[in-house]
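Fold and geometry: a report
The primary structure of each chain is shown beneath.
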There are 2 protein chains.
Amino acid sequence: MEDSAHSKRSVTVADVAKAAKVSKATAARVLGGYGVVSAKITDQVMASAAALEYRPNELARSMSTGRSGIIGVVVGDIENAFFSLAVRGISDAARLAGFNVIIANSGEQLDAEKSAVDLLIGKRVDGLIVTPARCDNIDHLRDIRRAGVPLVLFDRAIPELDVDAVTGDDQDAAVTATRYLIGQGHRRLAYVSAMDAEGGGLTDVGRISNSAVRERVEGFVSVLTEAGLPNPLHYVRLGATDQQQTDGVIKRLVSEGSSPTALLASDSLVGLRIFKSLQSLGLSIPSDVSMICFLDADWTSVTVPPITIIDQRVYEMGKLASERLVARIERTPLAVERLRVSTRLVVRGSVATIGR
Amino acid sequence: MEDSAHSKRSVTVADVAKAAKVSKATAARVLGGYGVVSAKITDQVMASAAALEYRPNELARSMSTGRSGIIGVVVGDIENAFFSLAVRGISDAARLAGFNVIIANSGEQLDAEKSAVDLLIGKRVDGLIVTPARCDNIDHLRDIRRAGVPLVLFDRAIPELDVDAVTGDDQDAAVTATRYLIGQGHRRLAYVSAMDAEGGGLTDVGRISNSAVRERVEGFVSVLTEAGLPNPLHYVRLGATDQQQTDGVIKRLVSEGSSPTALLASDSLVGLRIFKSLQSLGLSIPSDVSMICFLDADWTSVTVPPITIIDQRVYEMGKLASERLVARIERTPLAVERLRVSTRLVVRGSVATIGR
DNA sequence: CTGAAAGCGCTTACAG
DNA sequence: CTGAAAGCGCTTACAG
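Values in this document were obtained by computation on a predicted structure and should not be read as measured data. (Residues numbered from 1 in each chain as written. Chains lettered and ligands numbered in written order. Predicted model: local features only at pLDDT ≥ 70, side-chain atom pairs only at ≥ 80, totals over all residues.)

**Let's talk about the interface of chain B and chain A**
In this assembly, 48 residues from chain B lie in contact with 48 residues from chain A. Put simply, the parts of the chain that give the side of chain B that touches chain A at least two residues each are helix 4 (58–65), helix 5 (81–96), strand 2 (100–105), helix 6 (110–122), helix 7 (139–146) and helix 11 (268–280) of chain B. Within the side of chain B that touches chain A, the residues separate by chemical class into 21 nonpolar, 14 polar and 13 charged. (Contact = placed C-beta atoms within 7 Å. Helix = DSSP H or I, 4+ residues; strand = E, 2+ residues; numbered from the N terminus. Nonpolar A, V, L, I, M, F, W, Y, C, P; charged D, E, K, R; others polar.)

The structure is reproduced here in structure tokens:
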């Protein structure tokens, strides 16, 4: 309703130059803060700029310099606390280095991830942090590298890609949690994840396309195997993608002949769903079933009992990814690396000690 | 470590044109999908583009067209579930309309908000959605309008600004919740918010610079007044900004002579902190203290008891803000409006009925 | 239907 | 220290 609301042509260096009675180049130098200009002329230009409310056009600046000052981030799901914390860490570190962040959501869908990557490269981001939905379909990630755009993988690693990755110490974390459960006397343990189950049960751990989940499962299975427990793969259950699916997964698990006494939840969303499933089945934690959950999500500390969790230090992960990417953008010579952020087990009240 | 990683000049329409043996203009027309080109030449150009792995430079495109296809969003705190849900709604609707979203975090700090706005305008976003940290310091928001950039306020309204705002029905929500508590027999109720307290207690509701909080407090106070309860302002407590501060606020509240029997939490973060404070004070919900919390945060449904909440339908709020902004960007003639998304009270188990 | 030229708002050598 | 000119990679009239 305001007459001034209609976009008038914005004021440019040329306008400021004219007002200050200097050349475009000179005005540009003071406005852009480069080159050398006498104090007197600087003042003149600044005054005119202020009077005209000049705002630099970053787009034009980027076109000329070839740098956008933007880091693109493709995450699985912003609503997931894991990613919102990560984004926070990424943004804080990026800002400190003078970069801004543009976020895209893949919803863990490969197609959405591909178009997000395309889009971001089209916007000429200076670098990209991506959480690959699948570690076995990576042509679009190769394209990033061929386009000459620095890339850092987040949460998941893809060795074939020869690119930096920041992840947790997923295998170790799973090993620690699993050993802890066994130490508490548990003998039948299940691992539950939201990964899409590709038709029925899991026959081959190597087929899990998300490296973080795969490594956790490997850790889980290795400990069960080393403890001489039978058929560990049987207790790895995927497909807990929503409440209904999770209810199904848990119901099947607890109604088996030898039902598990402890559950390991692959992330805090799965953990919350499991918690609700158990609640609706009338099963108590930890007396009926014990559980451990990845991520120190806020809900885990206010339940009864509070949930024993694996603290992933996600903020640090995000920060590290950002710093690494900035180093790449600035062409710091660095070997390609997988950076692991160590986790720790935080014991609270959701694991029972089983007699014997 | 890959030799291909060094950014070579990217391929442009000129390159494609040369390869396809046509003019730049013609190549640009098929690559940009505008104008008219014969089928045969279209094929030629597409083939060359594919062979060269052409990717349009969106920056250059934006420079020419004057549109970036980006919506800028400035939120208070991405880590807050309220905002991450909102961002999701904003993004989904934006994408549907062909826009992308760039998110900036103000941390509810005015300075950070100002520089975020500057930055986004510099990037020539097509429109802006902002959650103003303060409703009483709005020069930078006026600047947005003067720059001719469409703006929609989110969660908080500023009547003086004459600009669209999408908010909840904050006053009604507070009225409903407060009446409910009174209906359950409560006579001493407190409202707790994370708003910065400007030196001591609240003397004047009108001074609360966040309109959402102000309107909720107004609703709260009006119901207490209409019920003939004494000194309602006394029970409005600000400054619950972190766990420690909240512990202090709650401790003071419950150790008073006539301590409140019910608490209204201004958002889910405050609610969670209050929950923990009460827990650490050894007070039970609802037998010692009742509580109601704004936002259907995930933790509220898994506590014992589950928390009675005000469902704010934040996703819809985000969606609506996005749609409104897009309409503005596309110059749809529309009166300036405040769009209120209605809330509803979801009764769970955190409110006791008091005898009498 | 196709092409040559100008322009978007900056920065970057190159002269002076 | 200051200026005139070219260029970034597109799109947009304007001719033909």
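Past the structure itself, the notes keep going.
**Topic: the domain arrangement of chain A**
Taken domain by domain, chain A comprises domain 1 (3–56), domain 2 (68–168 + 314–341) and domain 3 (170–312). Computed from C-alpha coordinates alone, the two centres of domain 1 of chain A and domain 2 of chain A are separated by 36 Å. (Domains from an automatic or database assignment.)

**A closer look at the protein's contact with DNA strand C**
Taken together, 28 residues form the shell around DNA strand C, and within it Ala28, Gly32 and Ser64 of chain A together with Ala25 and Val36 of chain B come nearest. Going through the elements one at a time, helix 2 (24–32) and helix 4 (58–65) of chain A together with helix 2 (24–32) and helix 4 of chain B are the ones with two or more residues in the surface near DNA strand C. Taken together, the residues of the surface near DNA strand C break down into 14 nonpolar, 11 polar and 3 charged. (Near = placed C-beta within 6 Å.)

**Let's talk about the protein's contact with DNA strand D**
Taken together, 28 residues are adjacent to DNA strand D, and Ala25 and Val36 of chain A together with Ala28, Gly32 and Ser64 of chain B come closest. Of the residues assigned to the surface near DNA strand D, the class counts are 14 nonpolar, 11 polar and 3 charged.

**Considering the sheet that holds strand 7 (residues 236–237) of chain B**
All names here are of chain B. Pairing is mixed across the open sheet formed by 6 strands, whose spatial order is 7-6-8-9-10-12. Lying at the two open borders of the sheet, with one neighbouring strand each, are strand 7 and strand 12 (344–346). Pairing of strand 8 (residues 262–265) with strand 9 (residues 290–294) involves 4 bridges; the strand directions are parallel. Along strand 9, the bridge assignment pairs alanine 262 with serine 290. (Pairing = 2+ DSSP bridges.)

**A word on the sheet that holds strand 11 (residues 338–341) of chain B**
Residues and elements named next belong to chain B. Read from one edge to the other, the open sheet built from 6 strands follows the order 2-1-3-4-5-11, with strand pairing classed as parallel. Each edge of the sheet is formed by a strand with only one pairing partner; in this case those strands are strand 2 and strand 11. For this sheet the average axis-to-axis angle between neighbouring strands, irrespective of direction, equals 20°. Note that strand 5 (residues 165–168) and strand 11 share 4 bridges and pair parallel. In the sheet register, threonine 167 faces strand 11, and the bridge partner there is arginine 340. (Axes fitted to C-alpha atoms, helices over the stretch in contact; angles between N-to-C directions.)

**Topic: the relation of the copies chain B and chain A**
Taken as rigid bodies, chain B and chain A are interconverted by a rotation of 180° and an axial shift of 0.0 Å, the fit giving an RMSD of 0.0 Å. This pairing of chains is accounted for by a two-fold axis. In this assembly the copies share their binding face: 100% of the residues contributing to the interface of chain B also contribute to that of chain A. (Least-squares fit on C-alpha atoms with pLDDT ≥ 70 in both.)

**So, the packing of helix 8 (residues 170–183) of chain B against helix 9 (residues 211–226) of chain B**
Residues and elements named next belong to chain B. At a minimum axis distance of 7 Å, the contact between helix 8 and helix 9 shows a crossing angle of 35°. Considering how the two elements wind past one another, helix 8 and helix 9 form a crossing that is right-handed. Along its contact with helix 8, which presents Asp170, Gln171, Asp172, Ala173, Ala174, Val175, Thr178, Arg179 and Ile182, the element helix 9 presents Ala212, Glu215, Arg216, Glu218, Gly219, Phe220, Ser222, Val223 and Leu224. Residues belonging to the contact of helix 8 with helix 9 are distributed by class as follows: 8 nonpolar, 4 polar and 6 charged. (Left-handed = near helix turned anticlockwise from the far one by under 90°.)

**Regarding the confidence of the model for chain A**
Summing up the model confidence of chain A, the mean pLDDT is 91 and the portion of residues at 70 or higher is 96%. Taken together, the stretch residues 1–7 of chain A has pLDDT below 50 and engages in 11 contacts with residues farther than four places along the chain or on a different chain. (pLDDT = per-residue confidence, 0-100.)

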